[in-house]
Amino acid sequence: MKDLVEVIAKALVDYPDEVVVTETETDKSIVLELHVAQADMGKVIGKQGRIAKAIRSVVKAAASKSEKKVIVDIMQ
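Reading the values: rules and limits
- Residues numbered from 1 in each chain as written.
- Predicted model: local features only at pLDDT ≥ 70, side-chain atom pairs only at ≥ 80, totals over all residues.
- Heavy atoms only, no water.
- Helix = DSSP H or I, 4+ residues; strand = E, 2+ residues; numbered from the N terminus.
- Buried < 20%, exposed > 50% of the residue type's maximum accessible area, 1.4 Å probe, protein only.
- Contact = heavy atoms within 4.5 Å.
- Lys, Arg positive; Asp, Glu negative; His and termini not counted.
- Charge placed at Lys NZ, Arg CZ, Asp CG, Glu CD.
- Expected span 1.5 Å × (residues − 1).
- Arc of directions from axis to C-beta.
- pLDDT = per-residue confidence, 0-100.

(A) The arrangement of the overall build of the chain in detail. Across its full length, the chain holds three helices and three strands. What you see in the chain, going N to C, is helices and strands ordered as α-β-β-α-α-β. Taking the principal axes of the C-alpha coordinates as reference, the chain spans close to 35 × 20 × 15 Å. Out of the 76 residues in the chain, the part that is buried amounts to 28%. Sequence-distant contacts, at least 24 apart, represent 54% of the contacts inside the chain between residues at least 6 apart. Of the charged side chains in the chain, 12 are positive and 12 negative; the average position of the first set lies 10 Å away from that of the second.

Shown next as structure tokens:
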């Protein structure tokens, strides 16, 4: 999941070298924290959060085979 979020984010931003994804796994969930440059926040979130919602939907679909809930947090 971490690699998927990283590839998607790097394709969207102007500063792909500053994209960092950290993964924290618990018994029932996986939390992915996406860190991007301040200038790229708007590109990752999108108008009214549409891009962020799309990223979360793709990750949720990819994780549907596993029994764990995947949470994507976009950080600054």
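(B) Spotlight on helix α3 (residues 50-62). Here α3 is 13 residues long and its end C-alpha atoms lie 18 Å apart, about the 18 Å a rise of 1.5 Å per residue gives. Along α3, the positions that sit buried rather than exposed are Ala 52, Ile 55 and Val 59. In an axial view of α3, the angular spread of the buried residues amounts to 60°, which keeps them on one side of the axis. Opposite the buried face of α3, at more than 90 degrees from it, the exposed residues are Arg 50, Lys 53, Lys 60 and Ala 61. On the buried face of α3, the contacting elements are α1 (2-12), β2 (29-35), α2 (41-45) and β3 (69-75).

(C) Fine view of the confidence of the model for the chain. Mean pLDDT over the chain stands at 94; residues scoring 70 or higher make up 100%. Predicted confidence in the chain is weakest over β3, with a mean pLDDT of 93, and strongest over strand β1 (residues 20-25), with 96.

(D) View of unusual backbone geometry. Even without a glycine there, the phi angle at Gln 48 is positive, about 55°. Among the secondary structure elements, Gln 48 is positioned in the loop between α2 and α3. A relative accessible area of 72% places Gln 48 in the exposed class.

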